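In case you want the letters, here they are:
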Amino acid sequence: MDKHSLGQFGEEQAARYLRRRFYSILERNYRCRFGEIDLIAKRGGVLAFVEVKLRRDDSHGEAREFVTALKQQRVIAAAQHWLGLHETELQPRFDVIEVYAPRGETGPVKINHIENAFM
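Predicted model, so just to flag it, every value in this text is computed and none were measured.

Participant: Run through the overall build of the chain, naming residues and quoting values.
Facilitator: When helices and strands are tallied, the chain shows 2 helices and 5 strands. When the helices and strands of the chain are listed from N to C terminus, the series reads α-β-β-β-α-β-β. For 119 residues, the compact-globule estimate of 2.2 N^0.38 gives 14 Å, and the chain sits close to it at 14 Å. Once the C-alpha set of the chain is aligned to its principal axes, its extents read approximately 40 × 30 × 25 Å.

Participant: Just give me the short version of unusual backbone geometry, but keep the residues and values in it.
Facilitator: A positive phi angle is found at F22, which is not glycine, with a value near 70°. Along the chain, the position of F22 falls in the loop between α1 (3-20) and β1 (24-32). Positive phi, close to 50°, is recorded for N116, a residue that is not glycine. Inspection of the secondary structure assignment puts N116 in the segment after β5 (110-114). For N116, a relative accessible area of 54% translates into the label exposed.

Participant: Kindly report on the pattern of salt bridges, identifying the contributing residues and their values.
Facilitator: What the rule picks out here adds up to 10 salt bridges. With a closest N to O distance of 3.7 Å, K53 and E51 form a salt bridge. By relative accessible area, which is 17% here, K53 ends up buried. Among the ionic pairs, R93 bridges to D95, the shortest N-O distance being 2.8 Å. Each of the two residues, R93 as well as D95, counts as buried. Each of the salt bridges in this network shares a partner with another, and the network as a whole consists of E12, R16, R19 and R28.

Participant: Please set out the side chain of E98 residue by residue, giving values where relevant.
Facilitator: Positionally, E98 belongs in strand β4 (residues 91-100). A distance of 2.9 Å separates a polar atom in the side chain of E98 from the backbone nitrogen of R64. Within the structure, the side chain of E98 is placed 3.4 Å from the side chain of Y100, a separation counted as a polar contact. Every residue in contact with E98, bar those within four places of it in the chain, is listed here: K53, E62, A63, R64, K110, I111, N112 and I114.

Participant: Any chance you could break down the pairing of β1 for me, citing the residues and the numbers?
Facilitator: Bridge count between β1 and strand β2 (residues 35-43): 7 bridges; the pairing is antiparallel. Each bridged residue has a counterpart across the sheet, and for S24 the counterpart in β2 is K42. Adjacent in sequence and paired antiparallel, β1 and β2 are bridged by 2 residues.

Participant: Outline helix α2 (residues 69-85), supporting the account with residue identities and numerical values.
Facilitator: Over its 17 residues, α2 extends 25 Å from the first C-alpha to the last, a length consistent with the 24 Å expected when each residue adds 1.5 Å. Within the sequence span of α2, burial applies to V75, I76, A78, A79 and W82. For α2, the arc enclosing every buried residue in end-on projection is 165°, short of the 170-degree limit, so these residues lie on one face. Turned more than 90 degrees off the buried face of α2, the exposed positions are A69, Q73, Q80 and G84.

Rules used throughout
- Residues numbered from 1 in each chain as written.
- Predicted model: local features only at pLDDT ≥ 70, side-chain atom pairs only at ≥ 80, totals over all residues.
- Heavy atoms only, no water.
- Helix = DSSP H or I, 4+ residues; strand = E, 2+ residues; numbered from the N terminus.
- Rg over C-alpha atoms; globule rule 2.2 N^0.38 Å.
- Buried < 20%, exposed > 50% of the residue type's maximum accessible area, 1.4 Å probe, protein only.
- Salt bridge = Lys/Arg side-chain N within 4 Å of Asp/Glu carboxyl O.
- Polar contact = N/O pair within 3.5 Å; in protein donor to acceptor, adjacent residues only side chain to side chain.
- Contact = heavy atoms within 4.5 Å.
- Pairing = 2+ DSSP bridges.
- Expected span 1.5 Å × (residues − 1).
- Arc of directions from axis to C-beta.

Here is the structure:
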């Protein structure tokens, strides 16, 4: 399986996880000149801009550690762009969802949702 397919798998697992927790997925893979946001979801009064990180395991560090300061800046800039196009009263938040898939698409996955992961 190539990296792109595995990334899509991780994003789908994260989207399913959020839907099971009563989030509505507004957009997937939002792209603009400033960056990309994997998932944009809402629940209650919160608008979550979600970065998804997929790893087989945490032997080389937790997945969230790969959301670098530069990546955070790009997600924030893309979120500001999205907010400029979509008027909302919802409170924005930046989350990271770690998806651990030891056997890729063929086995069970473990998901860790970190709310307010960065600002």
